[in-house]
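Spelled out from the first residue to the last, the chains are:
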Amino acid sequence: PRVYLARKQRDAETFSPALGISGDGEAYEPSLVALDNHRFALAWEEDARIHARLVSPAGPGPIVILGETDAAQPSLASQGEHLLLVYSRRDGRYGRIVIERLKIDGLTLHPDQGCAVDAEPAQDEQLYPSIVSLADRTIVAWEDRRPGHTIIMAAQNKNEKFCSFSSPQRISEGRQGRRSQSVTYGKGNGVSRVALAGYGKGQVLAVWADKRNFREGYDIYSARYEPGNTQLFGLNTPVQDSFGSVAQQWHATLAGNPSGRLVVGWDDDRDGDANIMQSWLEGEGWSDDIAV
C-alpha cells in the first residue's frame, strides 16, 4: 500500500492523475489538511514511523520523518505558520498520544516542538487521535483504554503554552444501569475512531462510533465542545436518524466551515449493503440521513 493525492478545482468534473506521496515502504492512515496558496499538508504512517510533507500544484516538497519508531495513526491541523500533528507512539508497553509542531517554510517542514498530550504515563493504550486548532487553543481527542474498555478522552491547551495540556477528560458517556458492567457485557461499552472538526465561531464537534446500544452494534454519537464549562464536551447525542438505530454504523468523519455549516458522514448497512450516509446540523438537531 502507498499514499496518493489527486486534486481538482471545485468546479472541475475530473481529478488530476494520482500523485505518489509516500516512499518505498508500506504506508497507512493518511491525514490531509488544506493550507493557503493551493497547498496541502499530508501525514501518514510508513514503516512504523510518521512521515509528513507539503504539496503544491507544482509538486511535492521534501518528506519529513519524525524520529520516533513504533508510531502510527497521524492526524493534522494547521495553525498559522505551523502544522500540528498528533499520533500514537509506543512508549514502553502502551501507545501514547504525542503532539508535534512543525514550522511551515514554503514547501518545507521543520520540526519545532513536541510532547505527550497526557503528561501522566499511559495506563493502557491511547490510540487514533484527532486534532482541531482554534484561534487561541488546540483540542485533541483519542481512544483510551485506561478503565479496561475503550472510551473517548480529550484535552486542550492554550497556544502560548503549547505543551501545557489540561488533564484529560472522558467525553464518551457509558451505558447506564445494572448491565453497564457485568460478566456478560464486560467493563463497559466500546467506542471507536473519534473525529473532531471546527465550525462557526470557535465551535467544535466530536463524533465517534459507539456501541452502547449493543444489540444493533455501533451507532454514531456526538458531543459539543463547551469551553466555558468544567467539562470540555457536553452531553452525548446520536447523529443518525431513527431508521439508523436498527443498523450498524462505523468510521465517522465530519467537516465544518466558518459560517456554521457542519456535515457528518459514516459507513452504514441499513439498506443491506455498505453505504456512505450523511447528516448535517440543523439548528440544535440533525437532518434526516441521506445516502451519498
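Before going into details, it helps to say that this report is about the structure given with it.

This part is about the packing of aromatic side chains. Overall, the coordinates contain one aromatic pair when judged by the stated rule. Judged by centre distance (5.7 Å) and plane angle (55 degrees), the ring pair of Y225 and F233 falls under tilted. F233 matches Y225 in its accessibility class, with the two residues each being buried. The ring of Y221 has R212 lying over it, and the distance from NZ or CZ to the ring centre is 4.0 Å.

Counted under the stated rule, the structure contains one disulfide. In this model, C115 is linked to C163 through a disulfide, with the two sulfur atoms separated by 2.2 Å. Classification of the bridge connecting C115 and C163 rests on its S-S torsion, roughly -105 degrees, and on that basis the disulfide is left-handed. Linking C115 in strand β11 (residues 108-116) with C163 in the loop between β14 (151-158) and β15 (169-170), this pair joins segments that are 48 residues apart in sequence. Residue classification places C115 among the buried residues on the basis of a relative accessible area of 16%. You can call C163 partly exposed: its relative accessible area is 30%.

We now examine the side chain of Q169. When you line up the elements, Q169 lands in strand β15. Setting aside chain neighbours within four positions, we find Q169 in contact with I152, M153, A154, T230, Q231 and L232.

So, about the sheet that holds β15. Taking strand neighbours across the sheet as the criterion, the four strands line up as β12-β13-β14-β15 in an open arrangement whose pairing is antiparallel. What marks the edges here is a single partner per strand, and that holds for β12 (126-133) and β15. Of the strand pairs in this sheet, β12 and strand β13 (residues 137-144) are connected by six bridges, and their pairing is antiparallel. If you follow Q126 over to β13, its bridge partner there is D144.

The next subject is the pattern of salt bridges. Close approach of charged atoms lets side chains of opposite charge pair. Taken as a whole and assessed by the stated rule, the structure comprises 15 salt bridges. For D36, the salt bridge identified is with R39, shortest N-O distance 2.3 Å. Judged by its relative accessible area of 47%, D36 is partly exposed. Taking relative accessible area as the criterion, R39 reaches 13% and is therefore assigned buried. Here R224 ties to E284 by a salt bridge, and the two come within 3.7 Å at their closest N and O atoms.

Let's shift gears to the layout of surface pockets. The volume enclosed by the largest pocket comes to roughly 1800 Å³. Breaking the lining of the largest pocket down by element, the ones donating at least two residues are β1 (4-5), β3 (27-34), β4 (40-46), β8 (71-79), β12, β16 (191-199) and β20 (249-256). Here the lining of the largest pocket takes seven residues from β16, the largest share from any one element. A breakdown of the residues in the lining of the largest pocket according to their chemical character gives 28 nonpolar, 16 polar and five charged.

What counts and what doesn't
- Residues numbered from 1 in each chain as written.
- Predicted model: local features only at pLDDT ≥ 70, side-chain atom pairs only at ≥ 80, totals over all residues.
- Heavy atoms only, no water.
- Phe/Tyr/Trp six-rings, centres within 6.5 Å; stacked < 30°, edge-to-face > 60°.
- Buried < 20%, exposed > 50% of the residue type's maximum accessible area, 1.4 Å probe, protein only.
- Lys NZ or Arg CZ within 6 Å of the ring centre and 35° of its normal.
- Disulfide = S-S within 2.5 Å.
- Helix = DSSP H or I, 4+ residues; strand = E, 2+ residues; numbered from the N terminus.
- Contact = heavy atoms within 4.5 Å.
- Pairing = 2+ DSSP bridges.
- Salt bridge = Lys/Arg side-chain N within 4 Å of Asp/Glu carboxyl O.
- 1 Å grid on protein atoms, 1.4 Å probe; cavity = no way out; pocket = protein on both sides within 12 Å on 5 of 7 lines; lining within 4 Å.
- Points joined across faces, edges and corners; volume = space filled by probe spheres on them.
- Nonpolar A, V, L, I, M, F, W, Y, C, P; charged D, E, K, R; others polar.

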